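Reading the structure
The residues making up each chain are set out below.
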Amino acid sequence: MPPARTSLAALRAEIATLERGVGERGVGERGVRTAPEVIDFGDPRIDARLPGGGLALKSWHAFAGEGLDLETAAASAAFVARLAVPLARRGELIWVLRRDDLHAPGLAGLGLPAERLIQVCARDEDEALAVMEDALRTRGVAAVFGEVDEIDLVAGRRLQLACEQSLATGFVLRRRPFGGGARGESGSAAATRWSIAPSPSEAVPGAPGLGPPRWRVTLERCRGGRTGTWIMEGKEEDDATHPFRLVADLGDHDLAAEERLKLAG
């Protein structure tokens, strides 16, 4: 009967929502549904593509660069540091490194306070993931950044459980710090997956030197949301709530990729 099928479909949807945990909704006291806690970008052209109107907290998100940035993670690290500025007011920030080359003053220049940052250098991928999981479970930690090349489904689920238990947020930066061939895709269990590339800055009229940093940001996968590509710029003013300014909306990331190929040709 049609009503029975509708009820079963609704039940399955409800179970899927509960299994996703904080991915789309939260559950407050007495079982009352609450809106998910997010970092919003302050621009509906971005926020409308993300469930809950922003990047979900209490989850983990995957970021990767392009070309040489897969080895250095420079562009993606700078973008993620800027993105996490609003979380610095909530607690400590843990950065799990694969090479001891993180430049804390540079992160401070992006708005991430060095006094909140704790750096941990891991020997290999397994240790990096173990440290990330432990850090995410630690009380008083607001965000954990981890440099790893690949995260399988089991490791991804463990990270998500750690985020939910401690209310921290994870940022995975895909990195092959010592080079090597390409491996499988990272972030199979991530709430969102992003590709980050540097974009030419534009000098401020009447001001000397280079303009604020810019990134071409592609949302490649978003559970319950829509993909997209944008050019974003770090705000020069001290805005810890919305640290980016949208320069251009390039629309769906597949269409944007086609346009880049046309320009390259």
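A few points on the structure.

The rules we used
- Per chain, the residues get numbers from 1 upward, laid out in the order the sequence is written.
- Per-residue local features of the predicted model are confined to residues with pLDDT of at least 70, and side-chain atom pairs are confined, for both listing and counting, to 80 or more; whole-chain, interface and lining totals are unaffected and use all residues.
- To get the side-chain values, all heavy atoms of the structure are used, and hydrogens and water are removed first.
- In DSSP terms, a helix is any run of H or I states spanning at least four residues, a strand is any run of E spanning at least two, and both are numbered starting from the N terminus.
- Buried residues are those whose accessible area, probed at 1.4 Å on protein chains only, stays under 20% of the maximum for their type, while exposed residues exceed 50% and partly exposed ones sit between those limits.
- Residues count as neighbours in contact if any of their non-hydrogen atoms are within 4.5 Å of one another.
- Methods summary: accessible areas were calculated by the Shrake-Rupley approach with a probe of 1.4 Å, and residue burial reflects only the protein chains presented.
- A pair of aromatic rings is counted whenever rings of Phe, Tyr or Trp (Trp by its six-membered ring) have centres within 6.5 Å, and the orientation is called stacked for planes under 30 degrees apart, edge-to-face for over 60 and tilted otherwise.
- The nonpolar core is taken to be a set of buried Ala, Val, Leu, Ile, Met, Phe, Trp, Tyr and Cys residues, with the residues joined through side-chain atoms within 4.5 Å.
- A helix is expected to reach a length of 1.5 Å times the quantity of its residues less one.
- The arc in question is the one spanned by the directions pointing from the helix axis to the C-beta atoms.
- Under this definition, polar contacts are N or O atom pairs within 3.5 Å; protein pairs additionally need one hydrogen-donor-capable and one acceptor-capable atom, and for neighbouring residues in sequence, both atoms have to be side-chain atoms.
- Lines are fitted to the C-alpha atoms to define the axes, a helix being fitted only along its stretch in contact, and any angle between axes, read from their N-to-C directions, falls within 0 to 180 degrees.
- Any angle that is under 35 degrees is reported as roughly parallel, and any over 145 degrees as roughly antiparallel; angles of 65 to 115 degrees are reported as roughly perpendicular and all others as oblique.
- Helix crossings fall into two classes, left-handed where the near helix is turned counterclockwise from the far one by less than a right angle and right-handed where it is turned clockwise.
- Pairing between two strands requires that DSSP report at least two bridges joining them.
- By convention in these notes, a salt bridge is any Lys or Arg side-chain nitrogen within 4 Å of a carboxyl oxygen on Asp or Glu.

Looking only at helices and strands, one finds eight helices and 13 strands in the protein. Counting all 265 residues of the protein, 47% fall into the buried class. Summarising the internal contacts of the protein: among those between residues at least 6 apart in sequence, 64% fall at separations of at least 24. Here the protein has roughly 13300 Å² of accessible surface; of this, 54% comes from carbon and sulfur atoms.

Quick look at the environment of A84 now. Here A84 shows up in the loop between helix 4 (74–83) and strand 6 (92–97). Placed 60 residues apart in sequence, A84 and V144 show a C-alpha to C-alpha distance of 9.8 Å.

Bringing the packing of aromatic side chains into the picture now. Two measures describe an aromatic ring pair: the distance that separates the ring centres and the angle between the ring planes. Here the structure, examined in full by the defined rule, presents eleven aromatic pairs. Judged by centre distance (6.2 Å) and plane angle (45°), the rings of F41 and W194 are tilted. Here F41, found in the loop between strand 3 (38–39) and helix 2 (44–47), pairs with W194, found in strand 10 (residues 192–199); they are 153 residues apart in sequence, far enough to count as distant. Among the residues examined, F41 registers a relative accessible area of 6% and is labelled buried. Judged by its relative accessible area of 1%, W194 falls in the buried class.

Most often, soluble globular proteins keep nonpolar side chains buried together rather than apart. Membership of the largest hydrophobic core comes to 42 residues, with the highest contact counts inside it found for F79, W95, F171 and W194. Considering each element in turn, this core owes the most residues, seven residues, to helix 4. Those residues in contact with W194 that lie beyond four places of it in its chain are F41, L50, L55, A62, F63, A64, V217, T218, L219, E220 and W230.

Within helix 4, nine of the ten residues are buried, leaving the element largely enclosed by the surrounding structure. Taken residue by residue, helix 4 has A75, S76, A77, A78, F79, V80, A81, R82 and L83 as its buried positions.

All right, on to the environment of G109 then. Relative to the assigned elements, G109 resides in helix 5 (residues 104–109). As for G109 and A78, which are separated by 31 residues in sequence, their C-alpha atoms are 9.9 Å apart.

Relative to the 20 Å expected for 14 residues at 1.5 Å per residue, helix 7 (residues 153–166) spans 20 Å between its end C-alpha atoms, a close match to the ideal helical length. A155, G156, L159, Q160, A162, C163 and S166 are the residues of helix 7 that are buried. End-on, the buried residues of helix 7 take up no more than an arc of 160°, which puts them together on one face. Among the exposed residues of helix 7, those pointing more than 90 degrees away from its buried face are V154, R157 and Q165. N-capping of helix 7 is provided by D152, with a side-chain oxygen placed 3.2 Å from the backbone N of V154. Among the residues trailing helix 7, L167 stands out with phi positive, at a value near 70°.

Attention now moves to the packing of helix 6 (residues 125–136) against helix 7. Helix packing geometry: the angle between the two helix axes and the distance between the axes. As a packed pair, helix 6 and helix 7 sit with axes 8 Å apart at the nearest point and diverge in direction by 20°. Classified by the angle between their axes, helix 6 and helix 7 sit roughly parallel to one another. Where helix 6 crosses over helix 7, the handedness of that crossing is left-handed. Contacts from L129, M132, E133 and L136 in helix 6 reach A155, R158, L159, A162, C163 and S166 in helix 7.

Here we come to the sheet that holds strand 9 (residues 169–174). Taken in spatial order, the nine strands line up as 7-6-8-9-5-10-11-12-13 in an open sheet, and their pairing is mixed. A single partner strand is all that each edge strand has here, and the edge strands are strand 7 (117–121) and strand 13 (244–251). Looking at each pair of strands side by side, their axes are set apart by 25° on average, direction ignored. With four bridges joining them, strand 5 (residues 60–64) and strand 10 adopt parallel strand pairing. Residue pairing in the sheet places F63 in a bridge with W194 of strand 10. The sheet strands contacting helix 4 are strand 5, strand 6, strand 8 (141–148), strand 9, strand 10, strand 11 (214–222), strand 12 (228–234) and strand 13, and the helix crosses strand 10 at an angle near 115°.

Under the definition given, this model contains 16 salt bridges. Here R158 makes a salt bridge to E133, at a shortest N to O gap of 2.8 Å. Pair noted here: R158 is in helix 7 and E133 is in helix 6, with a separation of 25 residues, a long-range link. Owing to a relative accessible area of 44%, R158 belongs among the partly exposed residues under this scheme. Residue R175 is joined to E147 by a salt bridge in which the shortest nitrogen-to-oxygen separation is 2.8 Å. Placement of the pair is R175 in the loop between strand 9 and strand 10 and E147 in strand 8, with a sequence separation of 28 residues. Accessibility classification places R175 together with E147 in one group, the buried group.

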